[in-house]
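Residue strings, one per chain:
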Amino acid sequence: LGIMDVNRRHLMGASAAGIAGALAMSPEPLRAAPLTSTLGRDATQYGVRPGHPDDQTRALQRAIDEAARAQMPLALPPGVYRTSMLRLQNGSQLVGVRGATKLVFTGGASMLSGEGAGRIGLTGITLDGGSIPLPQRRGLVHCLGGRDIRIIDCDIAASGGNGIWFEQVSGDISGNIFANIATTAVVSFDAHGLIVARNTILGTNDNGIEILRTAIGDDGTLVADNRIEDIKAGPGGSGQYGNAINAFRAG
């Protein structure tokens, strides 16, 4: 054998031994680390129990608060979580598994509410309102005065009021599915830079998307590539209801 062949075999043997040693050592540390640790905090670390019949509001609120304080996303493993209203903080980011992480509403003014809270993110979560009536001018997700609020790839179903209600918000509502909404799927008042795109809206009783201002002025919201079907003019009127998209006072 030449010197090059001997050196190559030596290196390959050393590499194989190193890999074998690493594999022999690795299972225990891998088992010890939470599966979602690279993503953020795991909600079950705070006593949240997916699939449990008891209301999880208190444990979920603690998890939301602690994860936001640590400036980390909160991972919600697959399962059903029964909850009343949860308050979102600055930096709250809730991440679920599409089609498998489901919050079921047990009552209150809204399911998820943020006031003056920015950098909020909801991704891959099903929000089931259970057709429980909401107060007027409320949404299952209700955010006032927040910047950079992003609701992406979520399912919002059976809201007893609006699906999403925003006032003075900037952000992105994209890739979501809204179904069986008692009032309107998406309502925005006085936006500060909003995108509403690639959503599917199936079955509302008022309008599909409302882009509204309290006074006539530039709005600048982008509404693009949404699929909107089966919108009923439930309250009647002369045209302000039953629209796929309704822009009012918004330039």
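On a predicted model such as this, the values are computed, not experimentally measured, just so you know. Counting restarts for each chain: residues are numbered from 1 in the order of the written sequence. Given that the model is predicted, a residue must reach a pLDDT of at least 70 before its local features are reported, and side-chain atom pairs must reach 80 or more before they are shown or counted; all residues, however, enter totals for whole chains, interfaces and linings. Processing note: side-chain calculations cover all non-hydrogen atoms of the structure and skip hydrogens and water entirely.

(A) Seen up close, the pattern of salt bridges. Take a side-chain nitrogen of Lys or Arg and a carboxyl oxygen of Asp or Glu: if they are within 4 Å of each other, that pair is a salt bridge. Applying the stated criterion to the full structure yields eight salt bridges. We note a salt bridge from Asp54 to Arg49, for which the minimum N-O separation is 3.9 Å. Asp54 sits in the partly exposed class, given a relative accessible area of 40%. When accessible area is computed with a 1.4 Å probe and restricted to protein chains, residues below 20% of their type maximum are described as buried, those above 50% as exposed, and intermediate ones as partly exposed. For Arg49, a relative accessible area of 44% corresponds to the partly exposed category. A salt bridge links Arg213 to Asp219; the nearest nitrogen and oxygen atoms lie 2.8 Å apart. Exposure class is identical for Arg213 and Asp219. Each is buried. Several salt bridges share partner residues, and in doing so they unite Asp190, Arg213 and Asp219 into one network.

(B) Main features of the layout of surface pockets. The space that makes up the largest pocket amounts to roughly 450 Å³. Points on a 1 Å grid, built from protein atoms alone, make a cavity when a 1.4 Å probe fits but cannot get out and make a pocket when they are open with protein on both sides within 12 Å along at least 5 of 7 lines; residues with an atom within 4 Å of a point are the lining residues. Together, 22 residues line the largest pocket, and Trp165, Asp206, Glu210, Leu212 and Tyr241 are the ones closest to its centre. Secondary structure follows DSSP: runs of H or I at least 4 residues long count as helices, runs of E at least 2 residues long count as strands, and numbering of each begins at the N terminus. Those elements that provide at least two residues to the lining of the largest pocket are β13 (162-167), β16 (184-189), β19 (207-217) and β22 (243-250). Looking at the lining of the largest pocket, its residues break down into nine nonpolar, nine polar and four charged. Grid points are joined across faces, edges and corners, and a volume is the space filled by probe spheres set on the points. Each residue receives one of three labels: charged for Asp, Glu, Lys and Arg, nonpolar for Ala, Val, Leu, Ile, Met, Phe, Trp, Tyr, Cys and Pro, and polar for the others, Gly being one of them.

(C) Spotlight on unusual backbone geometry. For Asp190, which is not glycine, the phi dihedral falls at a positive 50 degrees. Within the secondary structure, Asp190 sits in the loop between β16 and β17 (194-197).

(D) Highlighting the side chain of Arg213. Mapped onto the fold, Arg213 is located in strand β19. We define a polar contact as two N or O atoms separated by no more than 3.5 Å, with the added condition that, inside protein, one atom must be a possible hydrogen donor and the other a possible acceptor, whereas residues neighbouring each other in sequence contribute only through side-chain atom pairs. At 2.8 Å, the side chain of Arg213 and the side chain of Asp219 are in polar contact. The contact criterion used throughout is that any non-hydrogen atoms of two residues lie within 4.5 Å. When residues no more than four places from it in sequence are discounted, the contact partners of Arg213 are Phe189, Asp190, Ala191, Asp218, Asp219, Phe248, Arg249 and Ala250.

(E) Geometry of the sheet that holds strand β20 (residues 222-224). Strand order in this open sheet of eight strands is β1-β2-β5-β8-β11-β14-β17-β20, and the pairing throughout is parallel. Each edge of the sheet is formed by a strand with only one pairing partner; in this case those strands are β1 (41-42) and β20. Any two strands are treated as partners once DSSP identifies two or more bridges connecting them. Two elements, strand β11 (residues 149-152) and strand β14 (residues 171-174), share four bridges in a ladder whose sense is parallel. Within β14, the position partnered with Ile152 by the bridge is Ser174.

(F) Structural context of the pairing of β17. Pairing geometry for β14 and β17, over four bridges, is parallel. Opposite Gly171, over in β17, you have Leu194 as the bridge partner. Alignment of β17 against β20, held across three bridges, turns out to be parallel. Note that in β20 the partner of Ile195 across the bridge is Leu222.

(G) Representation of the sheet that holds strand β21 (residues 227-231). In space, the seven strands of this open sheet follow the order β3-β6-β9-β12-β15-β18-β21, with parallel pairing throughout. In this open sheet, the two edge strands, each paired with only one partner strand, are β3 (79-83) and β21. Ignoring which end each strand starts from, the neighbouring axes of this sheet average 10 degrees apart. By the bridge criterion, four bridges tie strand β15 (residues 177-181) to strand β18 (residues 200-204) in an arrangement that is parallel. Each residue of the ladder has a partner; that of Ala179, found in β18, is Leu202. Note on definitions: angles span 0 to 180 degrees between N-to-C directions of axes, and those axes are lines fitted to C-alpha atoms, for helices only across the stretch in contact.

(H) Structural context of the nonpolar core. Buried Ala, Val, Leu, Ile, Met, Phe, Trp, Tyr and Cys residues that are joined via side-chain atoms within 4.5 Å together make up what is termed a nonpolar core. Membership of the largest hydrophobic core comes to 46 residues, with the highest contact counts inside it found for Leu127, Val141, Phe166 and Phe178. Among the elements that take part in this core, helix α3 (residues 57-69) stands out by supplying five residues, more than any other. The contacts of Phe178, once residues within four sequence positions are left out, are Ile156, Ile164, Ile173, Ala185, Val186, Asn199, Thr200, Ile201 and Leu202.

All we've got here are geometric facts, nothing functional implied.
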